[in-house]
2 protein chains.
Amino acid sequence: MSNQEALSQYDSSLFRTPDGYTSDIAVFTITSHQLAEYTPPKMTLKLMLIKRALLNAEGQTNIEAGKWALPGGFVQAAESGFEAAERELEEETGVSSIHIKHFGVYDKPGRDPRGWILTNAHYAIVPEHSLVKRKANDDAAEVELFSIDEVLTLELAFDHYDIIKEAINRITNDLLQTTVAQNFLPNYFTYSELQALLLTVTKDPAISSDQSFARKIKTLPFIQAVPGEKTQRTSKSPTQLYEFVDIDVVKPIYTARY
Amino acid sequence: MSNQEALSQYDSSLFRTPDGYTSDIAVFTITSHQLAEYTPPKMTLKLMLIKRALLNAEGQTNIEAGKWALPGGFVQAAESGFEAAERELEEETGVSSIHIKHFGVYDKPGRDPRGWILTNAHYAIVPEHSLVKRKANDDAAEVELFSIDEVLTLELAFDHYDIIKEAINRITNDLLQTTVAQNFLPNYFTYSELQALLLTVTKDPAISSDQSFARKIKTLPFIQAVPGEKTQRTSKSPTQLYEFVDIDVVKPIYTARY
DNA sequence: ATGAACAATTAACTAATTGTTAATCGTTTA
DNA sequence: TAAACGATTAACAATTAGTTAATTGTTCAT
């Protein structure tokens, strides 16, 4: 009794199967405003959306045309949903080998009027400069960055409201509870750059106080100073550069201070 | 140019679609050994697996027969993957309205020899007593609980090794960084019961020290003492009972102590 | 009754960390 | 040459953590 034997008896046409399998990507970036030279940046977390074109590549009326949506597309049989997300992100923004993370599946019956279509939701973190060379493809009429506050007020396609809401929630938690922050920063960064980044998603006084945060960063086991490396990009006096150490940290909420 | 018009032009038979869509559930429970009356319990985190039967319901050779696997099954067109997980968990264990959480999709090409079959991975938390009345269904020859250490040494079906590894990782993190622990405990619990639970996934001295933990629990904003409620189930002298308060907590790793 | 046993709780103390304000440093620029 | 300013260090009181020891409340064996 082998798997071969079992396989010969299996026939997927006996029951209904999905009509489509897609991957969507919430592409986050940080826009960094440096008000003047030698000052720390002010950062804002932004999400990239595309406006769905009126006509698709075949010249037919496009589904959910004119609404804002996450970039994405159909998964091919020879790839995983994750690989499809990588491919589509590359097609959409020209960015590859970047941080992408799966965070959910959206499959509520009726979510897509075309039929039983499932989507994998991912979020990606890309540096701002890589979005400059983004190009609209056939399906995407416009591409734009929205701040976290404004994005949920837009008219969004399909169930992308729910997906985006969860994406924002997820990246906020991950930024604070994991070391994904490193994907928004250069390899070597100053304490004030990391601080500016974290302040896009929290108001914790332990982070917003310069003195406390500068003191704290030296004790974090997943960050280390790079000996001798300094920069002047955030201040006139040369500032110590730090880098992430590749360990993963899980800190219980039961031992934190409140 | 309406969605109607666009829909009439959409034909999913033009491209290949998945051959099946399933949901699997990693069912965790805590087995609680109370060594004697009036003592705190020793707890162990366990995962429920089923041994795949040699023949399926139709009397045909079953796929991946004889291996240990996560319970699960096909998602129906009228339900979401999450609802399918709920339904299957209920069929498998008789448990409903319990904590279930989606944590990943497994869709690597070739993962299932029957074709392009995707699975949604969930984990569920069920009280130990509910697994007593579990019943084997047609596909499941045997049902057994395995400790976290031994489960990864078994011969597992499909890519369930990967799924289980991630499930363990996820529940460990969630137990420490969220308030899911409440799903393993009675509504009112003592500090030593919560402590025993957390010690199944961490060795943090701040948790393993009775004195520190008993002092700390009073300051946690998501746990409160239930006035006047005491129990003797963990000690001869009546012990204060606590309950979870329904707020969610996100504590940055950047402000923790190391 | 009496005391041993034991989990829960409190006390007490030292060490470490935090929030805060103030001072100092290094460099640019007017 | 000094003002400006971010980075860094100093200093200190307040809080918290880790630890050991003592106390409390109850059961149970004698």
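Bear in mind the structure is a predicted one, so any value in this text is a computation, not a measurement.

K.L.:
Teacher, can you tell me more about the overall build of chain A here?
P.N.:
Helix and strand counts for chain A come out as seven helices and nine strands. The principal-axis extent of the C-alpha atoms belonging to chain A is close to 70 × 50 × 35 Å. Residues counted as buried form 51% of the 258 residues belonging to chain A. A separation threshold of at least 6 residues defines the contact pool for chain A, and within that pool the share at least 24 residues apart is 62%. For chain A, the exposed surface amounts to about 12,000 Å²; the carbon and sulfur share of it is 48%.

K.L.:
For this particular structure, what's the right way to read the protein's contact with DNA strand C?
P.N.:
The environment of DNA strand C is formed by 26 residues, the closest being Arg215(A), Lys216(A), Tyr191(B), Ser192(B) and Arg257(B). Within 4 Å of the protein, the atoms of DNA strand C are drawn from sugar and phosphate moieties in a proportion of 71%. Backbone polar atom of Gln240(B) to a phosphate oxygen of DNA strand C: 3.1 Å apart, as the coordinates give it. The element contributing the most residues to the surface near DNA strand C is helix 7 (residues 210-217) of chain A, with four residues. Residues of the surface near DNA strand C, tallied by class, amount to six nonpolar, 12 polar and eight charged.

K.L.:
So what exactly am I meant to see when it comes to the packing of helix 5 (residues 191-198) of chain A against helix 7 of chain A here?
P.N.:
The description of two helices packed together rests on the angle between their axes and the distance between the axes. Residue and element names in this part refer to chain A. Contact geometry of helix 5 with helix 7 gives a least axis separation of 10 Å together with a crossing angle of 115 degrees. Judged by the inter-axis angle, helix 5 sits roughly perpendicular to helix 7. In this structure, helix 5 meets helix 7 at a crossing whose hand is right-handed. Every residue of helix 7 that contacts helix 5 at Tyr 191, Leu 194, Gln 195 and Leu 198 is listed here: Asp 210, Phe 213, Ala 214 and Ile 217. Class assignment for the residues of the contact of helix 5 with helix 7 results in six nonpolar, one polar and one charged.

K.L.:
Would you explain the interface of chain B and chain A in this entry?
P.N.:
When the parts of a complex come together, some accessible area is lost, and that lost area is often taken as the interface size. On the chain A side, the residues contacting the 75 residues of chain B number 75 residues. For the pair chain B and chain A, the summed buried area comes to about 6,200 Å², and 64% of that belongs to carbon and sulfur atoms. For the interface between chain B and chain A, the tally reads zero salt bridges. At the surface where chain B touches chain A, the tally comes to 12 residue pairs in polar contact (both at pLDDT 80 or more).

K.L.:
Is there a simple way to think about the relation of the copies chain B and chain A in this case?
P.N.:
The operation linking the two copies of the chain is a rotation about an axis combined with a translation along the axis. Structural alignment of chain B on chain A gives an RMSD of 0.1 Å, achieved by rotating through 180 degrees and translating 0.0 Å along the axis. Viewed as a symmetry operation, the transformation between the two copies matches a two-fold axis. When the interface residues of chain B are mapped onto chain A, 100% of them are again interface residues, pointing to one common binding face.

K.L.:
Just to check I follow, could you spell out the pattern of salt bridges for this structure?
P.N.:
Side chains that carry opposite charge are capable of pairing whenever their charged atoms lie near each other. Taken as a whole and assessed by the stated rule, the structure comprises 22 salt bridges over all chains. Taken together, the shared-partner salt bridges connect Glu79(A), Arg87(A), Glu88(A) and Glu91(A) into one network.

K.L.:
It is not clear to me how the environment of Ser208(A) should be interpreted in this structure. Could you clarify?
P.N.:
All names here are of chain A. Tracing the backbone through its elements, the reader meets Ser 208 in helix 6 (residues 205-208). Sequence-wise, Ser 208 and Ala 196 are 12 residues apart; in three dimensions their C-alpha atoms are separated by 8.4 Å. Among residues more than four places away in sequence, those in contact with Ser 208 are Gln 195, Leu 199 and Lys 203.

K.L.:
I keep staring at helix 2 (residues 81-93) of chain A and nothing clicks. Help me out?
P.N.:
One full turn of an α-helix is made of 3.6 residues, so residues set three or four places apart face in the same direction. All names here are of chain A. The terminal C-alpha atoms of helix 2 lie 18 Å apart, and with 13 residues this matches the ideal 18 Å at 1.5 Å per residue to within 8%. For helix 2, every residue scored as buried is listed here: Gly 81, Ala 84, Ala 85, Glu 88, Leu 89, Glu 92 and Thr 93. For helix 2, the angular spread of buried residues about the axis comes to 135 degrees, placing them on one side.

K.L.:
Sorry, what's going on with the protein's contact with DNA strand D here?
P.N.:
Taken together, 24 residues sit near DNA strand D, with Tyr191(A), Ser192(A), Arg257(A), Arg215(B) and Lys216(B) positioned nearest. For DNA strand D, the backbone portion of the atoms within 4 Å of the protein, that is sugar and phosphate, comes to 70%. Measuring from a base nitrogen of DNA strand D, one finds a side-chain N or O atom of Gln211(B) at 3.4 Å. In the environment of DNA strand D, a sugar or linking oxygen lies 3.0 Å from a nitrogen or oxygen atom belonging to the side chain of Gln232(B). Put simply, the parts of the chain that give the surface near DNA strand D at least two residues each are helix 5, helix 7 and strand 9 (239-244) of chain A together with helix 7 (210-217) of chain B. It is helix 7 of chain B that provides the largest number of residues to the surface near DNA strand D, a total of four residues. A per-class count over the surface near DNA strand D returns six nonpolar, 11 polar and seven charged.

K.L.:
Would you explain the side chain of Ser80(B) in this entry?
P.N.:
Along the chain, Ser80(B) falls in the loop between strand 4 (72-74) and helix 2 (81-93). Residue contacts for Ser80(B): discarding those within four places in its chain leaves Asp107(A), Lys108(A), Pro109(A) and Val75(B).

K.L.:
I tried to follow the packing of aromatic side chains on my own but got confused; where do I start?
P.N.:
What describes a pair of aromatic rings is the distance from one ring centre to the other and the angle between the planes of the rings. The final tally for this structure, using the stated rule, is 16 aromatic pairs over all chains. When the ring of Tyr21(A) is compared with that of Trp116(B), the centres are 6.2 Å apart and the planes differ by 70 degrees; the resulting orientation is edge-to-face. Of this pair, Tyr21(A) sits in strand 1 (residues 20-33) while Trp116(B) sits in the loop between strand 5 (99-106) and strand 6 (117-125), on two different chains. Classification of Tyr21(A) as buried rests on a relative accessible area of 4%. With relative accessibility at 6%, the residue Trp116(B) sits in the buried group. Seen from their ring centres, Phe222(A) and Tyr258(B) are 6.1 Å apart, and the 75 degrees between their planes marks the pair as edge-to-face.

K.L.:
Would you take a moment to explain helix 4 (residues 160-177) of chain A for this structure?
P.N.:
Compared with the 26 Å implied by 1.5 Å per residue over 18 residues, the 25 Å span of helix 4 of chain A between its first and last C-alpha is a close match. Buried residues of helix 4 of chain A: His160(A), Ile163(A), Ile164(A), Ala167(A), Ile168(A), Arg170(A), Ile171(A), Thr172(A), Asp174(A), Leu175(A), Leu176(A) and Gln177(A), and no others.

Each value, and the rule that gives it
Starting from 1, residues in each chain are numbered consecutively following that chain's sequence as written. Written order determines the labels here, with chains lettered from A and ligands numbered from 1. The predicted nature of this model means local features are confined to residues of pLDDT at least 70 and side-chain atom pairs, given and counted, to a pLDDT of 80 or more, with totals for whole chains, interfaces and linings taken over all residues. Calculated side-chain values reflect all of the structure's heavy atoms, with hydrogen atoms and water omitted. Helix and strand labels come from DSSP, where a helix needs a run of H or I of at least four residues and a strand needs a run of E of at least two; each type is numbered from the N terminus. Partly exposed describes any residue whose relative accessible area lies between the buried limit of under 20% and the exposed limit of over 50%, with all areas from a 1.4 Å probe on protein chains only and scaled to the type maximum. In what follows, a contact means two residues having at least one pair of non-hydrogen atoms within 4.5 Å. Exposure was quantified through the Shrake-Rupley algorithm and a 1.4 Å probe, taking into account, for residues, occlusion by the shown protein chains and nothing else. Near residues are defined by distance, with any heavy atom within 4 Å of the molecule or strand qualifying the residue. Two N or O atoms form a polar contact when they lie within 3.5 Å of each other; inside protein one atom must be a possible hydrogen donor and the other a possible acceptor, and for residues adjacent in sequence the pair counts only when both atoms belong to side chains. In this classification, the charged set is Asp, Glu, Lys and Arg, the nonpolar set is Ala, Val, Leu, Ile, Met, Phe, Trp, Tyr, Cys and Pro, and all remaining amino acids, among them Gly, are polar. With axes taken as lines fitted to C-alpha atoms, and helix axes fitted only over the stretch in contact, angles between N-to-C directions fall between 0 and 180 degrees. Orientation labels follow simple angle bins: below 35 degrees gives roughly parallel, above 145 gives roughly antiparallel, 65 to 115 gives roughly perpendicular, and whatever is left gives oblique. With the far helix as reference, a near helix turned anticlockwise by less than a right angle produces a left-handed crossing, and one turned clockwise produces a right-handed crossing. Once two parts are put together, the accessible area they lose, assessed with a 1.4 Å probe and summed over both, is termed the buried area. The term salt bridge refers to a pairing of a side-chain nitrogen on Lys or Arg with a carboxyl oxygen on Asp or Glu at a separation within 4 Å. A least-squares superposition brings the copies together, and it is based on the C-alpha atoms of residues with pLDDT no lower than 70 in both. A helix is expected to span 1.5 Å multiplied by its residue count minus one. As used here, the arc is the angular range of directions from the helix axis to the C-beta atoms. Stacked, tilted and edge-to-face are the three classes assigned to paired rings of Phe, Tyr and Trp, where Trp is represented by its six-membered ring and a pair needs centres within 6.5 Å; plane angles under 30 degrees give stacked, over 60 edge-to-face, the rest tilted.

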